[in-house]
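In case you want the letters, here they are:
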Amino acid sequence: MSYRMCIRCVMDTTAEEITFDAQGVCSFCHYFDREVKPILDHARSGEGRKVLERIVDAIRKSGQGKPYDSVLGISGGTDSSYLAYLAKQLGLRPLVVHVDTGWNTPESERNVKSLVSQLGFDLEIIRVDWEEMRDLQIAFYKASVKNCEIPQDHAFLAALYKKAAEIGVHYILIGGNFATESILPRSWGYNAADLKHILAIHRRFGTKPLRKFPTLSFWERYFYYPFIRKIREVRPLNYVPYNRAEAKRILMEEFGWQDYGLKHYESVLTRFFQGYYLPTKFGIDKRKAHFSSLILSGQMTREEALEELKKPPYPSDELLQKDKAYIAERLGLSLEEWE
């Protein structure tokens, strides 16, 4: 297929599965109208809030007599930070859990600790064994797969489930939402939940056994935890009219939260992965998916997105060189090996 961009969002033929109708509107837009828009309309009408209130009542009841009623995963990014704020407004008592895979920016660490402290929640930081994390991360880059974020993403969710089971709560609160991340081409990556995929790459390219790295098998996620331990994932932001710009404003004005610029740039490695690795190696600019989600949910205009896409994905070349050197050093590689 020759290069083409959607006339409604900014998704284009760098997503291999994309198709266009006679008017030039892409398949991602049609998916949004069919699957996502009804959910957002439900939230905006106020009906979603009623559903959320029933879920919150169930969470409160399940936590009676316990120190916490849920586990809330926080990365320090906009969505999970606003989720913590919303949880406070809803009167929930989560244990806030941050999974540290070794790639936090100083800003994200300050954001997490300051926000959670001001909200009055308890914070537990789970630090993934660095030697195992480092070895698995190198294995994924050696494998040259599109989604080298899988080790981090998998560890986050696995650690949340294990913590929920450990403290005996039945709900995990997650900041993922349709309003700001409904569009993500399958051809741009791979499912981080597939433990077999992780272990296969590690067997081929890893050098250290994974004894402490948090894992979550298909059986655990879809049978053991939900049916035996009765643990459920809840995404509260899908039930309210969630606007990212407004969320950032509240977080900055009320809590002194610091913005990172682009989605997921609270992690040094994620910033490098999205801003350099994907565009350079595969010609993939994930900003197109992020901006398209915002366009379709009415939080950004297509013209604004096109202007932003004219800018390089990295904040500056100076920061790129600094990040390259830092990541190589953290991974125990020379710059030449890393290149």
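Refer to the structure printed above.
Criteria and thresholds
Residues numbered from 1 in each chain as written. Predicted model: local features only at pLDDT ≥ 70, side-chain atom pairs only at ≥ 80, totals over all residues. Heavy atoms only, no water. Buried < 20%, exposed > 50% of the residue type's maximum accessible area, 1.4 Å probe, protein only. Helix = DSSP H or I, 4+ residues; strand = E, 2+ residues; numbered from the N terminus. Arc of directions from axis to C-beta. Contact = heavy atoms within 4.5 Å. Phe/Tyr/Trp six-rings, centres within 6.5 Å; stacked < 30°, edge-to-face > 60°. Lys NZ or Arg CZ within 6 Å of the ring centre and 35° of its normal. Pairing = 2+ DSSP bridges. Right-handed = clockwise from strand over helix to strand, strands pointing away. Patch = residues over 30% accessible without salt bridge, like charges linked within 9 Å, V, L, I, M, F, W, Y side chains within 5 Å. Areas by Shrake-Rupley, 256 points an atom, 1.4 Å probe, with all protein chains shown as cover. Salt bridge = Lys/Arg side-chain N within 4 Å of Asp/Glu carboxyl O.

**Things to note about helix α8 (residues 195-205)**
Phase 1: Buried within α8 we find L195, H197, I198, I201 and H202. In a view along the axis of α8, the buried residues occupy a sector of 160 degrees, so they form one face of it. Residues of α8 that are exposed and point more than 90 degrees away from the buried face comprise K196, R203 and R204.
Phase 2: Those residues of α8 hidden inside the fold are in contact with α5 (130-143) and α6 (150-167).

**Focus: the packing of aromatic side chains**
Aromatic ring pairs are defined here through the distance separating the ring centres and the angle between the ring planes.
Phase 1: For the coordinates displayed, the defined rule picks out 17 aromatic pairs.
Phase 2: Here the aromatic rings of Y141 and Y277 are separated by 5.0 Å at their centres, their planes lie at 85 degrees, and the arrangement is edge-to-face. Separated by 136 residues along the polypeptide, Y141 in helix α5 and Y277 in helix α11 (residues 268-282) bring together distant segments of the chain. Across the pair, Y277 and Y141 agree in class, each one buried.
Phase 3: Among the aromatic residues, those joined into a cluster by ring pairs are Y141, F272, F273, Y276, Y277, F282 and W338.
Phase 4: The ring of F20 has R4 sitting right over it, with the charged end atom 4.5 Å from the ring centre.
Phase 5: R330 extends its terminal NZ or CZ atom over the ring of W130, reaching a point 4.0 Å from the ring centre.

**Here's the deal with the pairing of strand β2 (residues 94-100)**
Phase 1: In terms of residue burial, β2 counts as a mostly covered element, since seven of its seven residues are buried.
Phase 2: Burial along β2 is two-sided: the residues P94, V96, H98 and D100 and L95, V97 and V99 are all buried.
Phase 3: Pairing of strand β1 (residues 70-73) with β2 involves four bridges; the strand directions are parallel. Looking across to β2, one finds that G73 is bridged to V97.
Phase 4: At this point the chain moves from β1, through helix α3 (residues 78-89), to the parallel β2, and the crossover so formed is right-handed.
Phase 5: Inspection of the sheet shows β2 paired to strand β3 (residues 122-127) by six bridges, in the parallel sense.

**Digging into a nonpolar patch on the surface**
Phase 1: Taken together, the side chains of W219, F223, F227 and I228 present a nonpolar region at the surface, about 450 Å² in accessible area.
Phase 2: One can find F227 in helix α9 (residues 218-228).
Phase 3: Given a relative accessible area of 51%, F227 falls into the exposed group.

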